[in-house]
Amino acid sequence: MEQIIINKASGAEIRLFNRVDTAEQVKEFMGQDAVNIAFRSAVPVSFDVGDYVEVFGERYTLNLLPTEKKEDDRNFTYNVRFEGIQYDFIKVQTLDIDAAGISTGTAFSLMGNLEDFCSLIIRNMERVFGPGRFELGTVQAGTETMLLSFNNQTNLQTLQQVCEAYDTNFYLERTGVLTYKLHVKKVEDILPDTFRYGRTKGLYKLERTNVNSSNIVTRLFAYGGTTNILPSYRSGSLRLKMPLAVIFSEGQPYITDAGAVSQYGNVEGSVTFDEIYPKRIGSISDIDPNSELSFMDSGMPFDLNAQLAPGLTAKINFKTGNLAGYTFEVTGYDNTAKKFTINTYTDDRGMVFPSATSTTFQVQPGDQYVLTDIIMPQSYIDEAEEQLYLKAIEQLSILSVPAVKWELDIESNYLKSKETVPGQIIHYFQVGYYINVQDTDLKIDGKSQITGFTREILNPYVYNLTISEQFVKRRNIRARALRENTFRGYIFSWETLNSRQIANAGTVSNMVLQSINTTLPSSQRPIWGLKEW
């Protein structure tokens, strides 16, 4: 970029020529996106909110007046900050506005899936900026229904809250001069190159900063939810526990990273995953044509009547469909027909669900549900405990490593050599993308996510990248059981330590499972858990 032009809201232009001291684009993943310019002028320069610059195909707008300093009669200095399009989301309050434009206010709760929440955000943007400025792009599919609460917050705060709830990301795509698409999905792009230190290898500086071991956890207590956990469960535990085979004891249900203990000692921490509990996700196969309160699930694998809990009424919570988020009492179950009958539910507005007259508020084939307040068969309890264990291992693999940030200075000629058309600037890096880095001396070999970068505007191939500390090959986790009298368990050997694969595995297909010889004396029993394969 040879010239920086500030476009006035009035249509005039300010050309900075060679008066620029610094000009940088600064991006953080789902955080700040700004252009900072410092320049000098022999005469005063007038700025107005709404002035903008076009940098690397993106528009940055002046939302606050810059700092201005008079050095002498012929020397004025300015520091100007232009902000990206996502800052428009700060200008909009989140109202519970529906498709008809009706709203009750800014403090409310909403039941919906990810697309429902994203649609609410777009409706609010349209309310302020008009239709067509922002539209909804790709949204992560197959998300569960959640109840989220919002309280006098901006649309950006709401967007960040929703992304955190669904463990996903957002980014804005420019589709026209003043039009954008909001995409809400996991960013999983991996850049093809592997960057190494040295001439023609892509890196000329690799620096580790922000080392912080104050929040290290080497011994982790992990608990699941309380749903379908009855008084008879595991010595009266109120929450789901990890399998007995993998924890220290029933009374102390923790796993340990032996490698981290040797470095940092025993440092305890705890996590709770309310969403993990014994459950079966059922699906309606047919509805009773004679009653909106009855439906069938041909795949129901057990007799609900045999699993009723004393003193409790079985309930159905719908996860998808017209009644997603609503919970109903089960009044009857026919095991031969696999037929459920439920009670109606009346909300605070007096509306009755399922509706006797409107199919909009009735169950339909394909709707998914879970049963609660019942005695789940043991196989579902075992499955939930194993899921909790895998989630705990994933968390421990992160918590047992010091918080470290890496900064990379990229070799500009390396990037320039990638131009497909000579002189046509390419934008190789994007925040959220994954980058492969190797360095034998620093024991780095794997991919890590770009969490931010600073890019020089007048030298567009000069980047300073910030990447996260969690390379694929993270700490060798050994979840160790230390019980002296009995020792039951398995050795899980990961073929990869990619946390996304851990989280989505669902089975032990990427593990090697070995039995432990429980007859060995304690001195000969192996340390077990996760190890690099």
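Keep in mind the model is a prediction, meaning the values are calculated, not measured.

## Overview of the sheet that holds strand β12 (residues 170–174)
- Within the open sheet, the three strands sit side by side as β10-β13-β12. Their pairing is mixed. Of all strands in the sheet, those bounded by a partner on one side alone are β10 (134–139) and β12. Along the sheet, successive strands turn relative to each other by an average axial angle of 30 degrees, direction set aside.
- With four bridges connecting them, β10 and strand β13 (residues 180–184) associate as parallel partners. For Phe134, the partnering residue across the bridge sits in β13 and is Tyr180.
- Where helix α1 (residues 114–129) meets the sheet, its contacts fall on β10 and β13, and the angle it forms with β10 comes to roughly 165 degrees.

## Examining helix α2 (residues 155–165)
- Here α2 has its buried residues at Asn155, Leu156, Thr158, Leu159, Val162 and Cys163. Take α2 and look down its axis: the buried residues cluster within an arc of 160 degrees, on one side only.
- Looking at the packing, one finds that the buried side of α2 touches α1, β11 (146–151), β12 and β13.
- Positive backbone phi, approximately 50 degrees, marks Asp167, located one or two places after α2.

## Let's talk about unusual backbone geometry
- Between Phe353 and the following residue, Pro354, the backbone shows a cis peptide bond with an omega angle of -15 degrees.
- Take Pro354: it is sitting in the loop between β26 (352–353) and β27 (368–372).
- The backbone of Asn228 sits at a positive phi, close to 60 degrees, despite the residue not being glycine.
- The topology assignment puts Asn228 in the loop between β16 (219–223) and β17 (254–256).
- Phi is positive for Lys338, close to 55 degrees, though the residue is something other than glycine.
- Inspection of the secondary structure assignment puts Lys338 in the loop between β23 (327–334) and β24 (339–342).

## Things to note about α1
- With 16 residues, α1 should cover 22 Å at 1.5 Å per step; its first-to-last C-alpha distance of 23 Å lies within 8% of that length.
- The inward-facing, buried residues of α1 abut β9 (107–112), β10, β11, α2 and β13.
- Put simply, Asn113 is the residue that caps the front of α1, since its side-chain oxygen is 3.2 Å from the backbone nitrogen of Glu115.
- Taken from the residues just after α1, Gly130 is the one with a positive phi, measuring 85 degrees.

## Details of the packing of α1 against α2
- Where α1 meets α2, the axes come as close as 10 Å, and the angle between the chain directions of the two elements is 170 degrees. The orientation of α1 with respect to α2, classified from their angle, is roughly antiparallel. Between α1 and α2, the contacting residues are Leu114, Phe117, Ile121, Asn124 and Met125 on the first element and Asn155, Thr158, Leu159 and Val162 on the second.
- Partitioning the contact of α1 with α2 into residue classes produces six nonpolar, three polar and no charged.

Reading the values: the criteria
Residues numbered from 1 in each chain as written. Predicted model: local features only at pLDDT ≥ 70, side-chain atom pairs only at ≥ 80, totals over all residues. Heavy atoms only, no water. Pairing = 2+ DSSP bridges. Helix = DSSP H or I, 4+ residues; strand = E, 2+ residues; numbered from the N terminus. Axes fitted to C-alpha atoms, helices over the stretch in contact; angles between N-to-C directions. Contact = heavy atoms within 4.5 Å. Buried < 20%, exposed > 50% of the residue type's maximum accessible area, 1.4 Å probe, protein only. Arc of directions from axis to C-beta. Expected span 1.5 Å × (residues − 1). Polar contact = N/O pair within 3.5 Å; in protein donor to acceptor, adjacent residues only side chain to side chain. Parallel < 35°, antiparallel > 145°, perpendicular 65-115°, else oblique. Nonpolar A, V, L, I, M, F, W, Y, C, P; charged D, E, K, R; others polar.

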